[in-house]
Every structure is written in structure tokens, then in C-alpha cells.
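Secondary and tertiary structure notes
Here's the letter readout for the chains.
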Amino acid sequence: MSTKDKRGNSQPSQTAKIATARKLSKLWAKKYVQQHSTSDKTWQSNSPGLRAVIAQRLLDSLRSVTIQAWAKTEALLCQQIKRQGINYRLIDPWQITKDTYSIYEKVLLAYADQVIPERLCLFLASDLGRIRHNYTAIDPRVIAFVSMQFHYSGQLLLKSLSPQEQATVSVYFQVIDDCLYMPLQRLYKTAANYDHQSLALVSLRQLLPDQALIAQQIATRISDLHPHYHCHSGSLVNPTVKSASIRDVEMFQIYLWLCVLERSIAPIQQELFPLCVMLYPTLNVGWELVRQMIHLLGLEFGKRLSQQQISLVLPYFQVLWEMFSPEVFPEPLPVAALENSA
């Protein structure tokens, strides 16, 4: 079913819009099962009783952890407020800490109740989408403070667990990272305005299930090319850094598709680019790494899309490349990032 807009153009009905958004969100959610599905079902291995014990232990420390996380976030990014010209009134430590506590509480209770990661992704998407919207409404760069607060909170909680416990809990925490860094709800809402058989929507449905695989391959390739590179949190093969690298490649893909669907470069120009300018130098991520990531992303798209589909994406991909080009960021890899291999 479809309706007509004021210009007489066919528009999907409200039911069709909801169906499209749900299908796309399910495609994204399934990656948590596919990405972490192993022969022994590691993420399912803890018994309900043990999960409850682990969850309660983390819940007991959650308040102090979120306070510690904000101290780390502020230490990392406080200079960026003045440097980037951000209105400090937009950054409310108490509200950010409160939101962090609320989301992690829900995640840990879901973990204790054995809610599968796929279901958790669907369950939390609207809450995290609302939080993301609230903090990006006036200045999208504020999400950097929110994301780092959530990130540090998760890292501090995981630090208290054994490696096996970390393997199960980290899958649940990854849901938070994805939904905060990436405008997923906005993508679903925009996609819902498209006809089910439109080229843009067909292309998105085709690539969305492969986004994690594409990101993993690109992150691995970059770490292979730079075995001695060290960013703020360690080498590129460090599990924490590798996970963040994969998430960033997925984030670039989501922003690229958002540009395609909105027929605008604004998501890259006004959101992704300023966020990268603020975070990457602070985290000691060189622009040459970013350019290599974009180049490899283009190669992956070329393998998976038809010429017609490539023509749809290419104008926005070119904008992405030009904004991070050597003409804009001419400096090579930062010396501090290269480990002395002598």
C-alpha cells in the first residue's frame, strides 16, 4: 500500500514504513548472533545462576564505575571544548552519567535474564536512539563525550571480569557502542520513506548484512599494513583497539548510506567529519589510516555493488574521500604512533 504526497508522488504507507524499519533493524541485530556464533556458543555458555551473579556484581559497582568513567572522559576531551569552540553548557556531566547508568543497568539485567544479543539490540535501539538524538540536536560533537563515557564505563566493568566472563558480557556492551556511535534509528526512519523496490533500499538491504564482515576485513588489512602503529589505547591488534576500528569502519558505512538516503552530504559534513576531527588526533589516529580505510571501503563496495548501484553511492563517497584528503590533512602518520622497532 502507498499514498500520494502533495506533489502526487507515491509514498509508502505508515504500515510499510514500520515494516521497512523493522526489517532493517533486524538485519543489523542479526550480526550479533552471526559475529559471535561459535561452535561452543561462547556467549550462551554461562548458566542462568552464574549470569545473575556476574550481573549483580557489576550492578553493585556501576555507580562508582560511571563516576570513574566521567573522570577519564573529561581528562581525555576537556581541552577539546575550548579548542573546538563547543558550548560547555551543552555538556552536562550529571545527565550523561545518569543516562550511562540507566542503559548499563538495563543491559546487565537483560544479560542476567539471558536475553539474546539480537533481541537486546532491538530492545535498546529506541532508548539509545533517543539519547543520541538528545545530545546531537544542537551540536553533534557532544556525542563524543557521551560515547567515550559509555565506552570507558564498559571497559571498567569488563576489567573486573575473567576472560571467559568478558567474552560473554562484551557482546552485550557492543550493542551500546554501535547505537551511540552510529545514527541507526535515523537511517531506519529515512529508509522507511523509500519504496521497497527502490534502488537505494535494495542496495542497503544487500550490503547491511555484510557490514560487519567488510569492517573486519578492512581493520585487519590496516593492522597488517601498520604492525608497529600505536594509538592512544595500544597497537592496532590490541583487542580493544581492533573492536573500535571495526566499529569505526561500520560507522563510516552507516553515514555514507545515510547520505545516499537523505540525498545530502550533511551527515558527513556536519556530523561525521567534525566528530573525527575532534576524536582522532586526541586518540592518536593518523589521517593516513583514515584515508586507507576509505580507500579499502571503496574497493569492497566495488566488489559487491552493480555499476548502477555504485553510481548511486559514488557522489557521496567522493565527498567523503575529499574531506579526508591529503590536501585537507597533509601530515603523515604521527611520529608518536610509530613504535621503535629497532
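All figures in this text were calculated on a predicted structure; none of them were measured in a lab.

The rules behind the values
- Residues numbered from 1 in each chain as written.
- Predicted model: local features only at pLDDT ≥ 70, side-chain atom pairs only at ≥ 80, totals over all residues.
- Heavy atoms only, no water.
- Axes fitted to C-alpha atoms, helices over the stretch in contact; angles between N-to-C directions.
- Helix = DSSP H or I, 4+ residues; strand = E, 2+ residues; numbered from the N terminus.
- Left-handed = near helix turned anticlockwise from the far one by under 90°.
- Contact = heavy atoms within 4.5 Å.
- Nonpolar A, V, L, I, M, F, W, Y, C, P; charged D, E, K, R; others polar.
- Parallel < 35°, antiparallel > 145°, perpendicular 65-115°, else oblique.
- Salt bridge = Lys/Arg side-chain N within 4 Å of Asp/Glu carboxyl O.
- Buried < 20%, exposed > 50% of the residue type's maximum accessible area, 1.4 Å probe, protein only.
- Expected span 1.5 Å × (residues − 1).
- Bend = angle between axes of the 7 residues up to and from the residue.
- Core = buried A, V, L, I, M, F, W, Y, C linked by side-chain atoms within 4.5 Å.
- Phe/Tyr/Trp six-rings, centres within 6.5 Å; stacked < 30°, edge-to-face > 60°.
- Lys NZ or Arg CZ within 6 Å of the ring centre and 35° of its normal.
- pLDDT = per-residue confidence, 0-100.
- Polar contact = N/O pair within 3.5 Å; in protein donor to acceptor, adjacent residues only side chain to side chain.

1. Things to note about the packing of helix H6 (residues 163-181) against helix H10 (residues 239-262)
Axis separation between H6 and H10 bottoms out at 10 Å; the angle between their running directions is 35°. Of the two elements, H6 crosses H10, and the hand of that crossing is right-handed. Where H6 abuts H10, its residues Asp177, Asp178 and Tyr181 lie against Arg247, Met251 and Tyr255. Split into classes, the residues belonging to the contact of H6 with H10 amount to three nonpolar, no polar and three charged.

2. Things to note about the packing of helix H8 (residues 199-207) against H10
Remark: H8 packs on H10, axes separated minimally by 10 Å, with the N-to-C direction vectors making an angle of 165°. Considering the angle they form, H8 stands roughly antiparallel to H10. Seen from above, H8 lies across H10 with left-handed handedness. On H10, the residues touching Ala200, Ser203, Leu204 and Leu207 of H8 are Trp257, Val260 and Leu261.

3. Side note on the pattern of salt bridges
Going through the model one piece at a time under the given rule, you end up with twelve salt bridges. A salt bridge links glutamate 262 to arginine 186, with the nearest nitrogen and oxygen atoms 2.8 Å apart. Here glutamate 262 is found in helix H10, whereas its partner arginine 186 is found in helix H7 (residues 184-191), with 76 residues between them in sequence. Between arginine 186 and glutamate 271 there is a salt bridge whose closest N-O contact spans 2.4 Å. Here glutamate 271 lies in helix H11 (residues 266-282) and arginine 186 lies in helix H7, a separation of 85 residues in the sequence. The partly exposed category is assigned to arginine 186, whose relative accessible area is 29%.

4. Some thoughts on helix H13 (residues 307-323)
The end-to-end C-alpha separation of H13 is 24 Å, in line with the 24 Å expected for 17 residues at 1.5 Å each. Its maximal kink placed at valine 313, H13 deviates by approximately 45°, while the proline proline 315 follows within four residues. Turning to H13, its buried residues number three or more, namely Gln309, Val313, Tyr316, Phe317, Val319, Leu320 and Met323. The secondary structure elements touched by the buried residues of H13 are H8, H10, H11 and helix H12 (287-304).

5. Observations concerning the nonpolar core
Counting residues in hydrophobic clusters, the biggest one holds 108 residues, and the most contacted among them are Leu204, Met251, Phe252 and Phe324. At 13 residues, the largest contribution of residues to this core is made by H10. Look past the residues within four positions of phenylalanine 324 in its chain and what remains in contact with it is Phe252, Phe273, Cys276, Trp287, Val290, Arg291, Ile294 and Phe329.

6. Observations concerning the environment of serine 306
With respect to the secondary-structure elements, serine 306 resides in the loop between H12 and H13. Separated by 103 residues in the primary sequence, serine 306 and serine 203 have C-alpha atoms spaced 9.1 Å apart.

7. A closer look at the packing of aromatic side chains
This model, assessed by the stated rule, comprises eleven aromatic pairs. A connected cluster of aromatic rings, assembled from ring pairs, spans Phe252, Phe273, Tyr280, Trp287, Phe324 and Phe329. Positioned above the aromatic ring of tyrosine 152, the side-chain terminus of lysine 72 is 4.9 Å from the ring centre. Lying across the ring of tyrosine 181, arginine 247 places its NZ or CZ 3.7 Å from the centre.

8. Structural notes on the confidence of the model for the protein
Low-pLDDT stretches of the model should not have their predicted coordinates read in fine detail. Residue-level pLDDT values for the protein average 87, and 89% of them are 70 or greater. Within the protein, the lowest mean pLDDT, 53, falls on strand S1 (residues 2-4), and the highest, 96, falls on helix H3 (residues 93-112). Below a pLDDT of 50 lies the segment residues 333-342, which in the model reaches 19 contacts outside its immediate sequence neighbourhood of four places, other chains included.

9. A look at H10
The first and last C-alpha atoms of H10 sit 34 Å apart over 24 residues, in line with the 34 Å expected at 1.5 Å per residue. For H10, the tally of buried residues reaches 18 of 24 residues, placing the bulk of the element in the interior. Put simply, asparagine 238 is the residue that caps the front of H10, since its side-chain oxygen is 2.8 Å from the backbone nitrogen of threonine 240. With its phi angle positive at about 55°, arginine 263 sits one or two positions after the end of H10.

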